[in-house]
Structure formats: structure tokens, C-alpha cells
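Summary of the model geometry
What follows is the residue order along each chain.
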Amino acid sequence: QVQLVESGGGVVQAGGSLRLSCAASGRTFSDYFMGWFRQAPGKEREFVAGITRSGGNTYYADSVKGRFTISRDNAKNSVYLQMNSLKAEDTAVYYCAADRTLVIVTATSKFDYWGRGTQVTVSS
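Residues numbered from 1 in each chain as written. Predicted model: local features only at pLDDT ≥ 70, side-chain atom pairs only at ≥ 80, totals over all residues. Heavy atoms only, no water.

With that out of the way, let us pick up the pattern of salt bridges. Under the criterion given, the structure shown has five salt bridges. Across the pair Glu46 and Arg38 runs a salt bridge whose closest N-O atoms are separated by 2.7 Å. By relative accessible area, which is 36% here, Glu46 ends up partly exposed. A relative accessible area of 6% places Arg38 in the buried class. (Salt bridge = Lys/Arg side-chain N within 4 Å of Asp/Glu carboxyl O. Buried < 20%, exposed > 50% of the residue type's maximum accessible area, 1.4 Å probe, protein only.)

Printed below as a string of C-alpha cells:
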């Protein structure tokens, strides 16, 4: 089992920044591909960003490329999402997720473990 706890959400004005954190426990963190997802009211959960086990490769949804940066610190069992130039459409609950895969995954069904989420609200 892997337990994931997100933090860092809040209310920010459009154009502002937030940094989300996700703390993992329970298993060897470096064995997991990590992803950030988000879900807005009335919409399906969608992939935002992913990072490979070593942190050597990252992947982003087109909607956040150039604005969001995913990173991880395996020594601290944590993954982060730096969000800059936030827009109203970025408003959602943000979740981190873990999957013990050696390949890139972006589908929600592929991830085995999920946090409870943290709310991000961008006011325009």
C-alpha cells in the first residue's frame, strides 16, 4: 500500500502561482511513476503531469505545458507541482497518484494509488 497526501492548494488570482506537494508513505517511493491529475466540477478527472521513477523524464497535458512543472525528491518521498500563470480554467481538485510502472501512463485507470486531493481555485 502507498498512502498519498496532497497539500498546498488554495485560492489565487489569475496570473498567480501555487506549489502543490504530495507526500508518500508505505512503500519505496522511487519504485513509482507519479502523476498529477485534476477534476473540475461536472468534468472527468484528467491527467495534468507525470514524472518517471528517477525524475529524469516529465510529461504534461497540452493545457499546462509551459506553465506547470512537475518534480520529485525521492529522498523526501515527495512529488511537487509548480503552477504558474494560473487561469480560471485551472480551478479544480488536484490529485496525486502513483503507479508501479516502467512506462509512461496517463490514464486514470492505470494508477493504483490516489490521494484525497487538494482544492485549487483561481479567481479571475
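Now that the structure has been shown, the text picks up again.
Here we come to the sheet that holds strand β1 (residues 3-7). Across the sheet, four strands lie side by side as β1-β3-β8-β7; this open sheet has antiparallel pairing. Because the sheet does not close on itself, it has two edges, and the strands there are β1 and β7 (68-73). Here the average twist between neighbouring strands, direction ignored, is 15 degrees. Of the pairings in the sheet, the one linking strand β3 (residues 18-25) to strand β8 (residues 78-83) comprises six bridges and is antiparallel in character. Across the sheet, Leu18 pairs through a bridge with Met83, a residue of β8. (Pairing = 2+ DSSP bridges. Helix = DSSP H or I, 4+ residues; strand = E, 2+ residues; numbered from the N terminus. Axes fitted to C-alpha atoms, helices over the stretch in contact; angles between N-to-C directions.)

The next point concerns the environment of Gly9. Topologically, Gly9 is positioned in the loop between β1 and β2 (10-13). When sequence neighbours within four positions are dropped, the list of residues in contact with Gly9 reads Leu20, Thr118, Gln119 and Val120. (Contact = heavy atoms within 4.5 Å.)

In this section: the nonpolar core. The nonpolar side chains of soluble globular proteins are, as a tendency, buried together. With 30 residues, the main nonpolar core has Leu4, Trp36, Val79, Leu81, Met83 and Tyr94 as its most contacted residues. Those elements that provide at least two residues to this core are β3, β4 (33-39), β5 (46-51), β7, β8, β9 (92-99) and β11 (118-123). Every residue in contact with Leu81, bar those within four places of it in the chain, is listed here: Leu18, Arg19, Leu20, Trp36, Val48, Ala49, Phe68, Thr69, Ile70 and Tyr94. Counting residues in hydrophobic clusters, the runner-up holds six residues, among them Phe33, Phe47, Val105 and Phe111. (Core = buried A, V, L, I, M, F, W, Y, C linked by side-chain atoms within 4.5 Å.)

This brings us to the state of the cysteines. In the structure shown here, the tally under the stated rule is one disulfide. The disulfide partner of Cys22 is Cys96, and the S-S distance across this bridge is 1.9 Å. Every disulfide takes its handedness from the sign of the S-S torsion; for Cys22 and Cys96 that torsion is 45 degrees, giving right-handed. Of this pair, Cys22 sits in strand β3 while Cys96 sits in strand β9, and the two are 74 residues apart along the sequence. Accessibility expressed as a relative area gives 1% for Cys22, which makes it buried. Take Cys96: its relative accessible area is 0%, and that puts it in the buried class. (Disulfide = S-S within 2.5 Å.)

Once that is clear, we can look at the pairing of β5. Of all six residues in β5, five are buried, a share of seventy percent or more. Note that β4 and β5 share five bridges and pair antiparallel. If you follow Gly35 over to β5, its bridge partner there is Gly50. Counted along the chain from β4 to the antiparallel partner β5, the turn is six residues long, and its residue Gly42 has a positive phi close to 80 degrees. Examined bridge by bridge, β5 and strand β6 (residues 58-60) share three bridges and lie antiparallel to one another. Along β6, the bridge assignment pairs Ala49 with Tyr60. Hairpin remark: β5 followed by β6, antiparallel, with six residues in the connecting loop; positive phi at Gly55, about 85 degrees.

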